[in-house]
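Tertiary structure, described
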Amino acid sequence: MKNNYNFHIGRITPLPRDNVDTDQIIPKQFLKSIKKSGFGPNLFDAWRYEDEGYPGQEVSERLINKDFILNQKKFIGADVLLSKDNFGCGSSREHAVWSLMDFGFKVVIAQSFADIFYNNCFKNGLLPIKLPEEIITKLFDIAEQKKEIEIDLLNQVIVCEGNEFCRFEIDPFRKESILEGLDEIGLSLKFSEDIKNFEIQRSHDAPWVFNKRNEG
Amino acid sequence: MSKTLYDKLWDAHAVIQRNDGTHLLYIDRHLIHEVTSPQAFEGLKLAKRKPWRISANIATPDHNVPTTNREEGLDGISDEVAKLQVTTLDDNCKEYGITQFDILDKRQGIVHVVGPEQGITLPGMTIVCGDSHTSTHGALATLAMGIGTSEVEHVLATQCLVASKLKNMKVSIDGDLSNGVSAKDVTLAIIEKIGTAGGTGYAIEYCGEVIKNMSIEGRMTVCNMAIEAGARAGLVAFDKRTLEYVQNRPYSPRGKDLQHAISQWNELKSDEDAIFEEIIHIDGSSLKPKVSWGTSPEMVIDIDGIIPEASSESLSHALKYMDLKPGMKLSDIKLDQVFIGSCTNSRIEDLRIAAQVVKGKKVSDTIKRAIVVPGSGLVSAAAVKEGLDQVFLEAGFEWRAPGCSMCLAMNPDQLGEGEHCASTSNRNFEGRQGYGGRTHLVSPATAAAAAISGHFVDVRELIK
């Protein structure tokens, strides 16, 4: 399900809240799945529906919360999610990223992200963009006006109505991992010899780390 | 150059720096549970890869095991979807030869209780687990971090984590805690002060008189909630208490190995002139029991405080969800359930503190349910040996089998819609303990006092 892209054009879904936690993004009852897909219908489940959700439910039979942003007609298909401070805080569940992507979000823009969520995004090709508060405020206006924005990852710039709207920072390796869709494990295994040598040294320096359980 | 404890642990595990500036960090221990591992094992299989070092991995099911009918093992799990996750962990561990304390093993429990208890967690190690509360293990002078499922797969395959170095923060808690104020109140006070994003990008080292005099169990409670302050890792320096705790555990070193280890462990502290990018001071002597009123762990007030005004959208949303009005006292909140457990507060010391408050008293008639869920089979056995289970049972608590239970309510232990719970867990997010449930994070002493009184009270008054 990994995205590889360098350019995305889309409209914005605004979620003007601080501290959107991963329990809200995907509630725990859906974490019982042993797969990475199928979480989209339950993204923001408790906010999106007025009844309690459980795995395997028919979505068509559920009570929709018409006020929630994902259910408002004007934001249908707006695949850039915009939020405020500390997005993705809480649990390490990667299911949060899988559910945002399964729903169709390609980019999440926020004032700041929790560390583990931010990391998890890149492992799957969901682009998280951090921007300062004053720019986030302007983007909320753009979202309401239903304008499209162009996110150019290669040049690290967001364009709106043909003009440069803002630039954004991103770690070069993380940028590459989204641009190229890198196999991170494969890349790390290129250093197998270094890892082996390190391990031999460590087992000499701190043999107890490699001990099995004591008998008796 | 002088180094912080975090710097030392980092330097001792950095295998190589890649061209892009990230490091491969060698991982000594990898703890595994049923919820965040199935997709990682599947990824490993699809890529035809094998775990790098089998013995580095230890597994136990904890998140969705039931806390009743445990003697029935897998048959006691009525939820078929949950059962498949637990059996998938069984299958993966068998296939790869990974040691698992399975649902029927007396050592089974919450992964963050089991690791230290078994001596699987040892000072100086790097430890990861697909669970954000892995920060708990930092209490034993380890570098321990929660990781996502892709990283679980990466660690299985390479024994390394791709990592960038965190910044250093020092949180010094000075003075003496008053009787009735404990580690949980300390960690809530820190989150109240720096906020849930205050530690983002940092490893937090906890120090000061209060930490120095705190038990290892208490330090684990403090480090456990580093993640609620935004920090992926929390740490405490090695000292005599650490050594006392780790000795003679099933996986800890013996004899010459131990002497060798101690000589290294003694170095596991920040150098005196080490540089921290951020330093926070908290006066431990003035701390009161803390209670969270809202839907974020930073929404915390003192036991004698009042519910704040709706001065922001987040606060007004939280007030509405919690059905509270500004100006209310905590004692005005009608409590429905009490939960003593979770990786934050389910160790023997937590149960002792709660039992001391409860002893000879009865759970209030207005409390629908009060449960105690020990952190592991061994904690449970130790508590039974001391007669703590009887203290709780006689007071009207339910005594359950070990697991994460109502902390995240993946198993049948859940709050009903609109119910308020005094909970020793770590997150008060909307719906965390059950759909529409309302969580108040507190210490074991405050939870026990609330169970007896039927509402929040200052436990310091109760134990005078």
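Since the structure is predicted, the reported quantities are computational estimates derived from the model, not experimental observations. (Residues numbered from 1 in each chain as written. Chains lettered and ligands numbered in written order. Predicted model: local features only at pLDDT ≥ 70, side-chain atom pairs only at ≥ 80, totals over all residues.)

What follows covers the overall build of chain A. Helix and strand content of chain A: eight helices and eight strands. Across its three principal directions, the C-alpha atoms of chain A cover 65 × 45 × 25 Å. Across the 216 residues in chain A, those meeting the buried criterion constitute 43%. Pairs at least 24 residues apart make up 66% of the contacts formed inside chain A by residues separated by at least 6 positions. (Helix = DSSP H or I, 4+ residues; strand = E, 2+ residues; numbered from the N terminus. Buried ≥ 20, exposed ≤ 12 C-beta atoms within 10 Å, placed from the backbone. Contact = placed C-beta atoms within 7 Å.)

Further remarks concern the overall build of chain B. Across its full length, chain B holds 16 helices and 19 strands. Over its C-alpha atoms chain B spans a radius of gyration of 21 Å, differing by no more than 12% from the 23 Å that the globule rule assigns to 464 residues. When the backbone C-alpha atoms are referred to their principal axes, chain B occupies close to 60 × 55 × 45 Å. Summarising the internal contacts of chain B: among those between residues at least 6 apart in sequence, 75% fall at separations of at least 24. (Rg over C-alpha atoms; globule rule 2.2 N^0.38 Å.)

With that out of the way, let us pick up the interface of chain B and chain A. Contact residues are listed per partner, giving 63 residues for chain B and 53 residues for chain A. Secondary structure elements with two or more residues in the side of chain B that touches chain A: β1 (14-17), β2 (23-26), α2 (38-46), α3 (80-96), α5 (149-158), β8 (160-163), α10 (255-265) and α11 (313-322) of chain B. Here the side of chain B that touches chain A gets six residues from one element, more than from any other, and that element is α5(B). When its residues are assigned to classes, the side of chain B that touches chain A shows 26 nonpolar, 25 polar and 12 charged. (Nonpolar A, V, L, I, M, F, W, Y, C, P; charged D, E, K, R; others polar.)

Residue and element names in this part refer to chain B. On the basis of which strands lie adjacent, the open sheet formed by three strands has the order β1-β2-β8 and antiparallel pairing. The open sheet has two edge strands with one neighbour each: β1 and β8. Neighbour to neighbour, the strand axes of the sheet diverge by 25 degrees on average, direction disregarded. Pairing of β1 with β2, which is carried by three bridges, proceeds in the antiparallel orientation. (Pairing = 2+ DSSP bridges. Axes fitted to C-alpha atoms, helices over the stretch in contact; angles between N-to-C directions.)

Split into domains, chain A comes out as domain 1 (6-170) and domain 2 (183-216). One C-alpha centre belongs to domain 1 of chain A, the other to domain 2 of chain A; they are set 38 Å apart. (Domains from an automatic or database assignment.)

The next point concerns the sheet that holds strand β2 (residues 12-14) of chain A. Residues and elements named next belong to chain A. The four strands are arranged β2-β3-β4-β5 in an open sheet whose pairing can be described as parallel. Since the sheet does not close on itself, it has two edges, and those belong to β2 and β5 (127-130), each with one partner. Strand-to-strand twist of the sheet, defined as the mean angle between neighbouring strand axes without regard to direction, takes the value 20 degrees. Relative to β5, strand β4 (residues 107-110) runs parallel, the two being bridged by four bridges. Counterpart to V107 in the pairing with β5 is L127. Here helix α5 (residues 133-144) sits on the sheet in contact with β2, β3 (80-82) and β4, set at roughly 110 degrees to β2.

A few words now on the nonpolar core. One broad rule of soluble globular proteins: the nonpolar side chains tend to lie buried together. Judged by nonpolar contacts, the single largest core of 207 residues is most densely connected at L100(A), V338(B), A354(B) and A448(B). Each of domain 1 (6-170) and domain 2 (183-216) of chain A accounts for three or more of the residues forming this core. Apart from the residues lying within four places of it in its own chain, the contact partners of A354(B) are I340(B), P444(B), A445(B), A447(B) and A448(B). (Core = buried A, V, L, I, M, F, W, Y, C linked by C-beta atoms within 7 Å.)

Our focus in this paragraph is the pairing of strand β15 (residues 337-340) of chain B. Residues and elements named next belong to chain B. Along β15, one buried face is formed by Q337 and F339 and the opposite face, lined by V338 and I340, is buried too. Note: β15 against strand β16 (residues 369-372), four bridges, orientation parallel. Paired with Q337 across the bridge in β16 is R369. On the question of chirality, the crossover connecting β15 to the parallel β16 by way of helix α12 (residues 348-358) is right-handed. Pairing of β15 with strand β18 (residues 420-423) involves three bridges; the strand directions are parallel. Paired with F339 across the bridge in β18 is S423. (Right-handed = clockwise from strand over helix to strand, strands pointing away.)

Here we take up the packing of α12(B) against helix α15 (residues 444-453) of chain B. Residue and element names in this part refer to chain B. It is the contact of α12 with α15, at a shortest axis distance of 8 Å, that shows an interaxial angle of 30 degrees. By the angle between their axes, α12 is roughly parallel relative to α15. The handedness of the crossing between α12 and α15 comes out as right-handed. Together, D350, I353, A354, V357 and V358 of α12 and P444, A445, A447, A448, A449 and I452 of α15 make up the contact between the two elements. (Parallel < 35°, antiparallel > 145°, perpendicular 65-115°, else oblique. Left-handed = near helix turned anticlockwise from the far one by under 90°.)

With a phi angle near 60 degrees, N86(A) is a residue other than glycine that sits in the positive phi range. Topologically, N86(A) is positioned in the loop between β3 and α3 (95-103). Exposure remark for N86(A): the 26 C-beta atoms within 10 Å place this residue in the buried category. Despite not being glycine, S342(B) shows a phi value in the positive range, around 90 degrees. Inspection of the secondary structure assignment puts S342(B) in the loop between β15 and α12.

In this fold, I120(B) is placed in the loop between α4 (111-118) and β6 (126-129). Ignoring sequence-local partners within four residues, the contact set of I120(B) consists of R29(B), I58(B), G115(B) and Y251(B).

It is worth spelling out the packing of α2(B) against α5(B) at this point. Residues and elements named next belong to chain B. Orientation of α2 relative to α5, taken along the N-to-C sense of each, is 50 degrees, at an axis distance of 8 Å. By the angle between their directions, the pair α2 and α5 is classed as oblique. In this structure, the crossing between α2 and α5 has a hand that is right-handed. The residues of α5 that touch α2, namely those facing Q39, A40, G43 and L44, are T149, V152, E153, L156 and A157. In terms of residue class, the contact of α2 with α5 is made up of five nonpolar, three polar and one charged.

Residue and element names in this part refer to chain A. Among the residues making up helix α6 (residues 172-180), those that are buried are R174, S177 and I178. Each buried residue of α6 sits inside an arc of 95 degrees when the element is viewed along its axis, so together they form one side. Exposed side of α6, more than 90 degrees from the buried face: P172 and E180 are the residues found there. The inward-facing, buried residues of α6 contact α4 (115-124), β5 and α7 (184-189). Taken from the residues just after α6, G181 is the one with a positive phi, measuring 60 degrees. (Arc of directions from axis to C-beta.)

Take α3(B) next. Residue and element names in this part refer to chain B. Counted at 1.5 Å a residue, the expected span for α3 with its 17 residues is 24 Å, and the 24 Å between its end C-alpha atoms agrees. The inward-facing, buried residues of α3 contact α2, β4 (57-59) and β5 (99-100). Of the residues one or two after α3, G97 is the one with positive phi, at around 75 degrees. (Expected span 1.5 Å × (residues − 1).)

Turning to the environment of S91(A), a few remarks are in order. In this structure, S91(A) sits in the loop between β3 and α3. Take S91(A): there are 31 C-beta atoms within 10 Å of it, and that puts it in the buried class. Sequence separation of S91(A) and A114(A) is 23 residues, and the distance between their C-alpha atoms is 9.8 Å. The residues contacting S91(A), other than those within four sequence positions of it, are T22(A), D23(A) and S132(B).

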